[in-house]
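# Descriptive structure summary
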Amino acid sequence: MSADDQKKAAGEAAAALVETGMVVGLGTGSTAAWFVRALSARMKDGLTITAGVPTSESTAALARELGIPLQTLDEARRIDLTVDGADEIGPGLSLIKGGGAALLREKLVWEASNRCVCIADAAKLVETLGKFHLPIEVVAFGHRKTANRILDVLMDHDIEMPARLRQKDGAPVLTDGGNLIYDANCVAIHNPAQLADDLKRVTGVVDHGLFLDLCDEALVGSESGVDRILP
Ligand code: 5RP
């Protein structure tokens, strides 16, 4: 199976978890888009949900196109289940997310959810987090000074490469919240919990892509089907 077939299979397996009346957090990225499509297909077959809560403007647009009713995070009285992709899945279902620049809204929705399921292709499984550059969302004001302070934190964690401002077509990428993303080439993150805390303490850092102790279950596409992984 190609990576995309694996993502599709994982998205379909996650859509099978949705039950009548649920409020469902809708993740961002190509794998989450497969989930949103599979959810919409189930709804066309008769499943009724209360609403989807999108984690990005792009997911909101896709869900609207497919006729999925939406609520904002503040409108939702609860979120029963959130399904979202990941850039890396490490030990204990620790994750790196944010490759699609949606990490802040994703984390807000995950933290408000009763159950979080990560869906991915098998290439996302790693023994140590850090090969995928860690996204760090920062406010635009004074961001180069913030980046210097991020470098100090990274050096304390034996990571010597400065984080790089994410750009597209020669311009900085803006998140849905109007912030910037710095991507840190960590190579190997030996103490993700400490790094997560240290980054959050930097003024100007809004959040980072380490999702720790948030994921209840992963559904990972493989050559033979979809593997269910628990923390
Ligand atoms: C977006 C994310 C995505 O879930 C992550 O980048 C995985 O993307 P894809 O499913 O396209 O591989 O965190 O911010």
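As shown above, the structure is provided for reference.
Only a predicted model underlies this, so the values are computations on that prediction, with no experimental measurement involved. Once a new chain begins, its residue numbering starts again from 1 and follows that chain's sequence as written. Selection of residues for local features in this predicted model requires a pLDDT of at least 70, selection of side-chain atom pairs for listing and counting requires 80 or more, and totals for whole chains, interfaces and linings are taken over all residues. Side-chain numbers here rest on the full set of heavy atoms in the structure, without hydrogens or water.

Axis lines are fitted to C-alpha atoms, over the contacting stretch for helices. Their N-to-C directions set the angle, which ranges from 0 to 180 degrees. Here a strand is any run of E in DSSP of at least two residues, a helix any run of H or I of at least four, and the numbering for each starts at the N terminus. The geometry of helix α5 (residues 143-156) relative to helix α6 (residues 192-200) is characterised by a closest axis approach of 10 Å and an angle of 155° between their N-to-C directions. For the element pair α5 / α6, the angle class is roughly antiparallel. As for the relative orientation of α5 and α6, their crossing is right-handed in sense. Touching I150, V153 and L154 of α5 are L195, D198 and L199, all from α6. When grouped by side-chain class, the residues that make up the contact of α5 with α6 number five nonpolar, no polar and one charged. Just so you know how the angles are binned, under 35 degrees is roughly parallel, over 145 roughly antiparallel, 65 to 115 roughly perpendicular, and the rest oblique. Helix crossings get a hand from a simple test, with the near helix turned counterclockwise from the far one by less than a right angle marking a left-handed crossing and a clockwise turn marking a right-handed one. Between two residues, a contact is recorded if the distance between any of their heavy atoms is within 4.5 Å. Any residue outside Ala, Val, Leu, Ile, Met, Phe, Trp, Tyr, Cys, Pro, Asp, Glu, Lys and Arg is labelled polar, Gly included; the first ten of those are nonpolar and the last four are charged.

With that out of the way, let us pick up the site of the ligand. Inspection of the region around the ligand gives 17 residues, with S30, T31, D87, G98 and K124 positioned closest. Here an oxygen atom of the ligand and a backbone polar atom of G85 are 3.4 Å apart. Here the open area of atoms and residues is found with the Shrake-Rupley method and a 1.4 Å probe, where only the protein chains shown may cover a residue. When isolated, the ligand has an accessible area of 370 Å², and the protein chains bury 91% of it. Across the shell around the ligand, the residue classes break down as three nonpolar, eight polar and six charged. It suffices for a single heavy atom of a residue to lie within 4 Å of a molecule or strand for the residue to be listed as near it. We call two N or O atoms a polar contact when they sit within 3.5 Å, provided that within protein one can donate a hydrogen and the other can accept it, with sequence-adjacent residues counted only if both atoms are side-chain atoms.

A separate point is the pattern of salt bridges. Between side chains of opposite charge, pairing is possible as soon as their charged atoms come close. Salt bridge, as used here, is a side-chain nitrogen of Lys or Arg placed within 4 Å of a carboxyl oxygen of Asp or Glu. Under the criterion given, the structure shown has 13 salt bridges. Put simply, D183 and R166 hold a salt bridge, and the shortest N to O gap is 2.8 Å. Of this pair, D183 sits in strand β11 (residues 180-184) while R166 sits in the loop between β8 (164-165) and β9 (167-168), and the two are 17 residues apart along the sequence. Residues D183 and R166 agree in their burial class; the two are buried. Through salt bridges with shared partners, one network takes in E57, R105 and D176. Summary of the burial criterion: residues with accessible area below 20% of their type's maximum are buried, those above 50% are exposed, and those between are partly exposed, where the area comes from a 1.4 Å probe applied to protein chains only.

Before going further, it helps to examine the state of the cysteines. By convention in this document, the label disulfide applies to cysteine sulfur atom pairs within 2.5 Å. Throughout the structure, instances matching the rule amount to zero disulfides. Cysteine C116 is unpaired, with the sulfur of C215 as its nearest cysteine sulfur at 7.1 Å. C118 forms no disulfide, and the closest cysteine sulfur to it belongs to C215, at a distance of 4.8 Å. The class for C118 is buried, based on a relative accessible area of 0%.

Paired strands, as defined in this entry, are two strands with at least two bridges between them according to DSSP. Spatial ordering of the open sheet is given by β2-β1-β3-β6-β14-β15, a layout of six strands whose pairing is mixed. Edge positions in the sheet fall to β2 (51-54) and β15 (225-229), since each has one partner strand and no second. Sheet twist, expressed as the mean angle between neighbouring strand axes with direction ignored, is 20°. Inspection of the sheet shows strand β1 (residues 23-26) paired to β2 by four bridges, in the parallel sense.

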